[in-house]
Every structure is written in C-alpha cells, then in structure tokens.
Amino acid sequence: MFSGKRLLFFIGCLLMATLALGQTRYTLSGSVKDAQSGEVLIGATIRVQQQPVIGTISNEYGFYSLTLPEGTYTIQVSLVSYQPVTKTVTLTTSTHLDVTLAESATQLQEVLVRSQAANEHITNPTMGVERLSMSAIKQIPVLLGERDPLKVLQLLPGIKSAGEGNSGFHVRGGNSDQNLILLDEAPVYNASHLLGFFSTFNADAIKDLAIYKGGMPAQYGGRLSSVLDVKMNDGNNQTFHAGGGIGLIASRLYAEGPLVKDKSSFLITGRRTYADAFLKLSNDPDINRNTLYFYDLNAKLNYTLSTKDRLFVSGYFGRDKFGLGDLFNIDWGNATGTLRWNHLLNEKLFSNTSLIYSQYDYQVGIQNGSNDFSLTSSIRDYNLKQEFSYFPNPAHALRFGANVIHHTLTPRNRTATSESSSINTTREKSRYSVESAVFVSDKWQLSPRISLEYGLRLTSFAVLGGSEYYTLDANKTIVDTLSYPAGQIVTHYVNPEPRLSAAYVLSDNTSIKASYTRNVQNLHLISNSGTSTPNDRWLQSSNVIRPEIADQVALGFFRNISDNRYEFSVETYYKALQNQIDYKNGADFQFTDALETQLLFGKGRAYGLELLLRKKTGALTGWLGYTLSRTERQIEGINNGRWYPARQDRTHDVSIVGVYQLSKRWTLSATFVYNTGNAVSFPTGKYRIDNAVVFNYTERNGYRMPAYHRLDLGATVQFAKKKNFESDLAFGLYNAYGRANPYAINFEQDVYDPNQTEIQRITLFKMVPSITYNFRF
Amino acid sequence: MLFVGLLSSLTSCVDVIQLDLNRTNPAVVIEGRITDQDSMNEVRITQSVDFDHANEFPPITNAQVAVRDLTTGQTDSLHQSFPGVYPITKLTGVPGHRYQLTVTIGEKSYSALATMPPRVELDQVSYTTDNRLNGTSIRTVATYTDPAAPGNYYRFVNYQNGLASRTFFVRSDAFINGNRVVQTIRDDNITIQPGDTMAVDMQCIEKAVFEYFNGLAQLQGDNINQGVSPTNPPGNLSGGALGYFSAHTVARRTVVIP
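From a predicted model like this one, the values you see are computed outputs, not experimental measurements. (Residues numbered from 1 in each chain as written. Chains lettered and ligands numbered in written order. Predicted model: local features only at pLDDT ≥ 70, side-chain atom pairs only at ≥ 80, totals over all residues. Heavy atoms only, no water.)

Brief notes about the overall build of chain A
Piece 1. Across its full length, chain A holds seven helices and 50 strands.
Piece 2. Taken against the 2.2 N^0.38 rule, which gives 28 Å for 777 residues, the C-alpha radius of gyration of chain A at 27 Å falls within 12% of a compact globule.
Piece 3. Overall, chain A is about 90 × 65 × 50 Å in size when its C-alpha atoms are taken along their principal axes.
Piece 4. Considering only residue pairs separated by 6 or more positions, chain A has 64% of its internal contacts joining residues 24 or more positions apart.
Piece 5. For chain A, the computed accessible surface area is about 28500 Å², with 58% contributed by carbon and sulfur atoms. (Helix = DSSP H or I, 4+ residues; strand = E, 2+ residues; numbered from the N terminus. Rg over C-alpha atoms; globule rule 2.2 N^0.38 Å. Contact = heavy atoms within 4.5 Å. Areas by Shrake-Rupley, 256 points an atom, 1.4 Å probe, with all protein chains shown as cover.)

Concerning the pairing of strand E26 (residues 396–416) of chain A
Residues and elements named next belong to chain A.
Piece 1. Judged by how many residues are buried, E26 sits mostly within the fold: 15 of 21 residues are covered.
Piece 2. Of the pairings in the sheet, the one linking strand E25 (residues 373–393) to E26 comprises 18 bridges and is antiparallel in character. Bridge pairing in E26 places Thr376 opposite Asn413.
Piece 3. Between E25 and E26, which follow one another and run antiparallel, lie two residues. (Buried < 20%, exposed > 50% of the residue type's maximum accessible area, 1.4 Å probe, protein only. Pairing = 2+ DSSP bridges.)

Quick notes on the domain arrangement of chain A
All names here are of chain A.
Piece 1. Partitioning chain A into domains gives domain 1 (21–107) and domain 2 (129–776).
Piece 2. The centre of domain 1, based on its C-alpha atoms, is set 33 Å off from the matching centre of domain 2.
Piece 3. Between domain 1 and domain 2, the contact holds 24 residues from the first and 32 residues from the second.
Piece 4. Together, the buried faces of domain 1 and domain 2 total about 2500 Å²; carbon and sulfur atoms form 54% of this surface.
Piece 5. Our count for the domain 1 to domain 2 interface comes out at two salt bridges. (Domains from an automatic or database assignment. Buried area = accessible area lost by both parts, 1.4 Å probe. Salt bridge = Lys/Arg side-chain N within 4 Å of Asp/Glu carboxyl O.)

Side note on the packing of aromatic side chains
Piece 1. For the structure shown, the criterion picks out 34 aromatic pairs over all chains.
Piece 2. Geometrically, the ring pair formed by Phe63 of chain A and Phe391 of chain A is tilted, given 5.9 Å between the ring centres and 55° between the ring planes. Taken together, the positions of Phe63 of chain A in strand E4 (residues 63–69) and Phe391 of chain A in strand E25 put the pair 328 residues apart, joining distant regions of the chain.
Piece 3. You can call Phe63 of chain A buried: its relative accessible area is 4%.
Piece 4. Residue Phe391 of chain A is classed as buried on the basis of its relative accessible area of 7%.
Piece 5. With centroids separated by 5.5 Å and ring planes inclined at 50°, the aromatic side chains of Phe168 of chain B and Phe213 of chain B adopt a geometry described as tilted. Linking Phe168 of chain B in the loop between strand E12 (163–164) and strand E13 (169–172) with Phe213 of chain B in helix H2 (residues 207–220), this pair joins segments that are 45 residues apart in sequence. Like Phe213 of chain B, Phe168 of chain B is buried.
Piece 6. Here Arg605 of chain A stacks its cationic end above the ring of Trp643 of chain A, 3.8 Å away from the centre of that ring.
Piece 7. Over the aromatic face of Phe51 of chain B sits the side chain of Lys686 of chain A, whose NZ or CZ is 5.6 Å from the ring centroid. (Phe/Tyr/Trp six-rings, centres within 6.5 Å; stacked < 30°, edge-to-face > 60°. Lys NZ or Arg CZ within 6 Å of the ring centre and 35° of its normal.)

Re the interface of chain B and chain A
Piece 1. On the side of chain A, 81 residues touch chain B, which itself brings 81 residues to the contact.
Piece 2. For the chain B and chain A pair, buried surface summed over both sides reaches about 7500 Å², with 57% attributable to carbon and sulfur atoms.
Piece 3. For Arg33 of chain B, the salt bridge identified is with Asp690 of chain A, shortest N-O distance 3.4 Å.
Piece 4. Along the contact surface separating chain B from chain A lie 28 residue pairs in polar contact (both at pLDDT 80 or more).
Piece 5. Ranked by residues supplied to the side of chain B that touches chain A, first place goes to H2 of chain B with eight residues.
Piece 6. Classifying every residue of the side of chain B that touches chain A by side-chain character gives 38 nonpolar, 29 polar and 14 charged.
Piece 7. As judged from the five bridges shared by strand E49 (residues 757–763) of chain A and strand E1 (residues 13–17) of chain B, these two strands associate in the antiparallel manner. From the neighbouring strand, Ile759 of chain A faces E1 of chain B, where its bridge partner is Ile17 of chain B. (Polar contact = N/O pair within 3.5 Å; in protein donor to acceptor, adjacent residues only side chain to side chain. Nonpolar A, V, L, I, M, F, W, Y, C, P; charged D, E, K, R; others polar.)

Some details on the pattern of salt bridges
Any two side chains of opposite charge can pair, on the condition that their charged atoms come close.
Residues and elements named next belong to chain A.
Piece 1. What the rule picks out here adds up to 51 salt bridges over all chains.
Piece 2. For the salt bridge of Arg340 with Glu185, the shortest nitrogen-to-oxygen distance reads 3.6 Å. Placement of Arg340 in strand E23 (residues 328–346) and of Glu185 in the loop between strand E12 (179–183) and strand E13 (186–187) is noted, with a sequence separation of 155 residues between them. As far as the burial class goes, Arg340 and Glu185 line up, both buried.
Piece 3. Because the salt bridges share partners, they merge into one network encompassing Glu39, Asp184, Glu185, Lys207, Asp234, Lys300, Arg340 and Lys385.

Overview of H2 of chain B
Piece 1. Between its first and last C-alpha atoms H2 of chain B spans 20 Å; for 14 residues at 1.5 Å apiece the expected length is 20 Å, and the two agree.
Piece 2. Along H2 of chain B, the residues classified as buried are Val209, Phe210, Tyr212, Phe213, Asn214, Gly215, Leu216 and Leu219 of chain B.
Piece 3. The secondary structure elements touched by the buried residues of H2 of chain B are strand E43 (685–689) and strand E44 (692–696) of chain A together with strand E11 (153–160), E13, strand E15 (197–205) and strand E16 (242–256) of chain B. (Expected span 1.5 Å × (residues − 1).)

So, the environment of Gln47 of chain B
Residues and elements named next belong to chain B.
Piece 1. Relative to the assigned elements, Gln47 resides in strand E3 (residues 42–47).
Piece 2. Given the relative accessible area of 23%, Gln47 is considered partly exposed.
Piece 3. For the pair Gln47 and Phe57, spaced 10 residues apart in sequence, the C-alpha separation works out to 5.7 Å.
Piece 4. In contact with Gln47, other than residues within four places in its own chain, are Pro26, Ala27, Val29, Phe57, Pro58 and Ile60.

With respect to the domain arrangement of chain B
Residue and element names in this part refer to chain B.
Piece 1. Looking at the assigned domains, one finds that chain B contains domain 1 (28–115) and domain 2 (122–223 + 249–256).
Piece 2. Using only C-alpha atoms to locate each centre, domain 1 and domain 2 end up separated by 25 Å.
Piece 3. Taken together, the contact between domain 1 and domain 2 spans eight residues of the former and four residues of the latter.
Piece 4. At the boundary of domain 1 with domain 2, total buried surface from both sides reaches about 450 Å², with 55% on carbon and sulfur atoms.

Concerning unusual backbone geometry
Piece 1. Positive phi, normally seen in glycine, also occurs at Asn579 of chain A, with a value near 55°.
Piece 2. Given the relative accessible area of 22%, Asn579 of chain A is considered partly exposed.
Piece 3. Although it is not a glycine, Met40 of chain B sits at a positive phi angle of roughly 70°.
Piece 4. Tracing the chain through its elements places Met40 of chain B in the loop between strand E2 (28–35) and E3.
Piece 5. The exposure class of Met40 of chain B is partly exposed, given its relative accessible area of 28%.

Concerning the sheet that holds strand E9 (residues 129–133) of chain A
Sheets are built from strands paired through backbone hydrogen bonds, the pairs being either parallel or antiparallel.
Residues and elements named next belong to chain A.
Piece 1. Read from one edge to the other, the open sheet built from five strands follows the order E9-E16-E17-E12-E13, with strand pairing classed as mixed. In this open sheet, the two strands that pair with only one neighbour each are E9 and E13.
Piece 2. When E9 meets strand E16 (residues 206–212), the two strands line up antiparallel, connected through five bridges. The residue bridging Leu132 from the neighbouring strand is Leu209, located in E16.

Structural notes on the side chain of Ser265 of chain A
Residues and elements named next belong to chain A.
Piece 1. Tracing the backbone through its elements, the reader meets Ser265 in strand E20 (residues 264–273).
Piece 2. At 3.0 Å, the side chain of Ser265 and the backbone oxygen of Gly235 are in polar contact.
Piece 3. Within the structure, Ser265 has its side chain in polar contact with the side chain of Asn302 (distance 2.7 Å).
Piece 4. Setting aside anything within four residues of it in sequence, one finds Ser265 in contact with Asp234, Gly235, Asn236, Asn237, Gly257, Pro258, Leu259, Lys300, Leu301 and Asn302.

As structure tokens, then:
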C-alpha cells in the first residue's frame, strides 16, 4: 500500500530536483486577456522565437510564467481565432507582462495557419484531450436549436451519446456516471434537463470546455472515464453588453459588464424553456393542466484586488419542473457555488484556493387520492481545494495541491402528504463521507523531442458513521444491520493513482504519444433507466460497494498535414475496470430502499481505436471521426459469468461535421452520425403465466438495436451590424432525411389478435425543424 | 417514463417491425398454486415457444405431479384433468403450512417449497377515476388493513365481468406497514366501462412469489429496453423450469361500476 508519507517524500524530491535548476535566470510572467472584453484567455501559447523549444500555455486563469536567461527575446502569443501578438522583451530582471489579444476577423484566418500554436496538437504530451471553443459549438446544428456543448462533444471519437437527443455521454466505454463534469470546478451531479434532451450548460455562460478521455492530469480525480472541465465566462470588464436568443422551446438573456472598469466585472445569464406553453394551447384539460419546463441561472463576479490577487464568485442554479395535472409532479436541479482566490506568490508560483459547494436534489410528489406521498433525495458537497502552479524553469511546469470534499448523501425520504395516506413517513439517515486527495504533477520538456507529463494522485475515501450499513449474504439478503455513531469511520479506502503521458516528436508535424492513467471512483450512480432520469440515486462506496478502479493505457500517432491545415490522429486504448456495478436478475428499485441488495459487482474491459481528421482553418472547417470499440463486463450472476457487452457497447461509430462559411453573412453546417446499435436484451421466446404471455429473456445484452444514423443541417445568417447591435438567425433541421431511429423497442401482445405478439418500434424525432434568433449589443 | 410520454406525444410515432430473434429449445413452464379456497388449486405445465409463433403453448401431459403438506405429512398425487392441468383435490391450503411441489417429466424432476402467509381480509373494493395524459381511466380500489408485523406481500387480480386481466400487480408493505391501505390498482390492459362488474382478488403471497411477480410486472411495462435490462425474474422452482409455486390466501370482493 502506498503511504501518504512516501508521497510527501516523493513530492519533496520532485520539488528539490526542479528547484536546483533555474538560478541566474529571470521570470517573465503575466496574464493573457481578450482585448475587447478583458476576459482572461485559457490555453494561449507563449513562445520564444530565439528558443523554439521553449514555450508555455496560459493556465485556466490566463496566467503564464516563463523563466529565461538574461537577454532580449521576441515573445509570440497566439490562440486559435485570435490575432497573434509579438512582443520584444529585454529581461534584466523578472518582468510582469500582460498580453491582450484581439479576435481575428474571418479573412485573417489564413494567418492563423502559420501561427506557432498550430502544431500544439503534435507537441503537447497530454493525450485524449479535446478543447472546444464556443464559436465551434455555436455553428453546429442541434435538436430544437438549443446550442448544447455536450451534444457537440458527442461528435468526437470515443465519446458516444447516451441515446436519441440525449446530452448524457459515454467516454471510451465508460458509464455515464463515470464522467466528472465540472462547472467552475464544482461537480455537476446531473448535467441534464428534461430527461437528458438538454444539458445544464447554457452556451451564453461558457468560456471554455475541455474533455479528457484519458491521461487526465493529477489535479483531476473521482471518476473513471473522463473529466469535462467547463469554465464560465468572467464577464466583460471593459464595457457593458447584453444579449440573448429566442428559440422554439427556450429563450435566453445575458448581461455582462464592468463594475469598476479593468478591475471588476459581472456576468449573469438566464434561460427558460416554454415547452409547457404548447401544452396550454390544447383544449384537452388532460394535457393543458400539465407543466413541463426548466430554467438555468449562471452568475459570476470577478474582482482584481491587486496585480497579485483576483477573486471570483460564481454560481449556477437550475431547476426542472414537471407535473402531470395534480396527480404527479417532480422537480429537480443542481446548485453550485464557487469562491476562488487566485494569488501570485511570486512570478513563478501561482496559487488557487477554491471553496466549492455543489448540490443535486429531487422531489417527487404523488397524489392519487389514497396514497399521497412525496419523496425527497439529495447529494451535497462541501469542497476545499488548494492548488499551486509552479514554473521553476522553462522545462518544467509543476502543479501540486490538496483537496477535501465532505459528501452528504440523503437517500429517499418518504413523507405522507395527506391525512388519509397509507404511506408511512420515513426518514432514512443520510450517509456521510470525506473524500480527500493530494496530488502532484510535472510537465517536463525533457529534450526538444521528448516531453512528459507525470504525476501522482493519492486519494482517500473515509465512509463516516451516523447511519446504517448492511451485511449481505451470498443471496444479497441483509443478514445484519450495522449502526455506527456519527463521526466514526466505517471503512476507509486509500488508492494511489499514477498518471503518466509522454510525447515523442518525430518531426515538426509528426509525433507519437503514450499514456497510462489510473482513476478511482467512490460515488456511484444507481440508475433505474438507461437514460438519465431525475430520480437516479447516488451511492457512495461502503462496506458492500468497493471503489471502482480503472487502468487505462493509450498509444497515439499524431500528424499535421499540408502546413498544419489538417490534423490527423490515431489513438488506441485499453482499459481494465474493477468493481463494476450491474443489477441482479429481476432487480427491484420501487420497493427497495437498501439498493445494495439489488447490485452485482464484477470487472470490465474496454478497448478501441479512434481516428480523427480535422480541418481547423479555411472556409470549410470540421472533422471526420471514426471509432472502433468494444466494452464488456464480466459479473458473476449475469450470463453465467461469461463476458457480455455493456449496454453502451457499439462496434462502429462515425461522425462527420462540416461548417462552411458561404459568405460574410451566411454559414452552413451539417453533421452526420452513424453507429452500431446499443447492446440490448430481447426475448428469445415466450410462455404463459396465468393468462398473460410472458417473454423469455435468456441472455443479458445479447442483441443489438438497429444501427443508428442521422443527418442534421444548419444555416446561420448574420445581419448587418447597426451601431453596436449584432444579430443572427439560425435555422436547423434535425434528422433531415427522417430516419426512423428506434428510441425503444417494445414486445407486446397484439391488441387486435391476442393470439399473436408483435414488436413495436418507438421513434422520437423525425425531421424536427428549428429557428433561433440571437442578438447582442 | 412519463416525461418521454409527454414529449413523445408531440413528435413520436409507433410502428410494428420485424426482428430476427433467436430460436431456443422449449423450456418447461410450471404454474403451481394452492390456496385457502376450494377452487383454483392446481398445477399447470406447459412449454415455451419461439417469439414469432402464435400464443399457443403446448401442454405437458405426461408429468408425475405431487403436492405434499409438510406440516401434516399428507400427500396429494395429482391426476391430469385437461391437457397440462393437474388439479389439487385432496388438499386445501392452510395459513402457516408449508407445501412441497414435485414434478417429474421423463428423466427430469423439478421441485419447490412454499409457505402460506397469514390471511388478510379485503375490506372493500371500490373504484376511482384516474386522470392520465391519454385520458381518464376507471380503476378499481382495494381497501384492507396491513398487519402490524412487517413482511406482507400482496398480489391483486382484476376480473372484468368474470374475465381475469393479464396485468401483474403486486405490492409490498415496505412503505405502508401496519396501516389501513387504500390501494388503487393500475391496470392498463383492460378498459373499465360503466356497467362492468369488477371483482378483485387479493392474494397474500410469500416474498419469493412477490419478487417473481414484481419482475413480471416490470417486463409488462413500456420502453423496457430503455431502462434496466429486462431479465427473467428468479422463480422458486429448482431444476431449471420457468414459473412459480405459490401457497396463498385469496380474498375476493366485487363492485359494479355505475
């Protein structure tokens, strides 16, 4: 077992090694910002012309630091869709240099091709990472015109949609709960609205989005498959702006501006759907009495306290409401809050302290006259994170820190809501745990050709008392109920998570990369459905549920073609998973509070090949992605212990995305997806019980849904700018050729001929048009 | 799944398709029940068929079937009355007694054990109207008092003008223990009309039988392959047969829908 002491020793050695270098040198540091809005820019490349090997990237807060010998240097700062800036600096002492970049107009895109950042793809050792800019997201057509970053992500190789129109996703064979979704560092436990048709991310509020499919740096942890790191806009600190959009099912509004120019800014965005407005149009009281809507609010304040200190407060609040007359209602939502303090300890050492709150809860109300009751359930986190970025010399970029999260998981509390209700009011005790981690990582330019990113994360998960835990026998029956006093440690899991990725640059435009990553997950989503539903329940690791562990190795080949105009990559991966969860045969979630009794545990494996050819510049941009993959589980009690395909296993997955700038005003776009159907369980026969026909399911996930394919089209017209008022109109057509992709397949006794059975296909969306008007001033 | 229903009512469609489903060897299906009533006590033995066949399930006519009351030691060796139907004539169920079913077909034998739970009376059957998205439905309502001790399980069967509905509807006392319970019986396989005579059977069943029928009830739901993978519920029969053996009490009441 890896001890904490040994880790500290390791960190110490690492620091000593890097500190020993880099004396007699000076540091150039500062922030990279957008010229118009004052927003800090993430991921800008800072290069030194005199020393082509040396370079750095601005971090999540726009901060960069480069340590160089005394001398005069030409510094180039570049970022996709910004005009690169060149500055000459004479370093005779450590120097602070803020750089502002201006957004490039369309005709300037040719310049970008030649910018240094263009071969970042080749040289960065981190593998399996994808960054999406919001401008790309805004061009891609989506269901009902609601721009949705999560749906654009699903068009990348290795990332698969959880279902028709669904914002849930599977990364490299992982379950949808194995994605760590962060909004300004706060975990979002249920990133979907309206049963997954929309995500909680309002495009207006979002600055940057990065997803790690593997090789995640050591500062991230807690989920097996991926990290989706979403950063909110900081708000324009130069001038006031407002904007919004009016769409078929939702409208959006935002406002941003300086509180004190250059010093502080605010951003507030809101969105609400009005799907229920259509229901109100119906004359049928059974329909018009229903409610169905959601809203999102994002807000952020940011203060520059001094040249060394910045403070951010950001929050998200979203809620879905659904009601079926006065019979049934459910509302659910996330709330997150982040308080962050960026502090520059010195020009080489950057500190970020965050206090994070995150909550997800749902309430269900059922009124059926006799058994009225409500159910409430929640998960709540308090999270403290301290992280340092240290730039000892140009060859190293270190990150280290620690993180403590206190989780409170409140299971379903049932309350009788009428005098006559026969339901007993029950209070299940909340379960508590403390998840903590220390981490260190170093990005090391070993030689002009070799770069490494290596690190270690040590996680501890302490299950705390205060509620009941169960001892189960082999048949999953509770044989003993264990009660622990509050604060006592029930079980404790400690896991080291090594992370390593390396790049070897073969030539200016070719590299190979390899990575190994271990991830551990202690919160598990127990879903009673394949898609995300609001009443899915999170469970923590316990004496029965062991931490899920994934080891992933990946190997990649990267090549840029014709002067970096095209990026091509091949990545292969193999993942071995431990303590995976599936349901026992005939599992029941309706009458069972102790969910542990319904679960089976086993192992998993996932492997695949991902191809991506991308064109980033020119009038036509887009990509072509292909994934060949397999995802399997082996769990005692399912299919006689044989390996079986996981539900999300899809052999082939193709996506084509194209955006074409037709003229200054018109942009056209199209996406096409094709994938093998999910693995499903279909009956192999039927029999009779009493007087009903019952279907005989002999094998789990032994069949396939029919192949899925779909073409979406989009067009955006930009109206002439009047004073400061800009606007555009976006048209979309989802499933343009009306492919009947099955959402579900049901097996039924024939209504007209009870002596026969039939197979019914439910199709949700065929040729759904949309129109959205967006404006900004 | 109600959300999907609401959303899909705006854009979705349903059609009938053909799928190439595997063929399997016919499986033996045993339905055994012994009740505290004079009728309905029988063992039925049939076989499963492939999905694309008609719903005609071949009876097994050459079975050796016996039910034994383990509490009294009395055995009833059953004789076939109709093809595949083996009535229990010498035994009537008594709450608290344990019963053993043995079935031998050729070389293979199957067995199961069942204990009859205490009897709970059905106080009243009435009806209610239930507003759903797709209109108003008349539902039957059963009223009973759950005993103070936990661990009671119930199965309800609707009879519309004497014909049994094929809906499986079971309840556990997990959330209602010890209460006077007014239970609406959701049954989407029948449409109750004014003038109908509705009878409701309330059976007090064992936990294993509850789990079996609860599993069957989930298989009857819509959009099942969108949810948890459908699986055969575990029955209480040993030897690899499908089906169940239940010892249960039956209480019946009737209501005429005005």
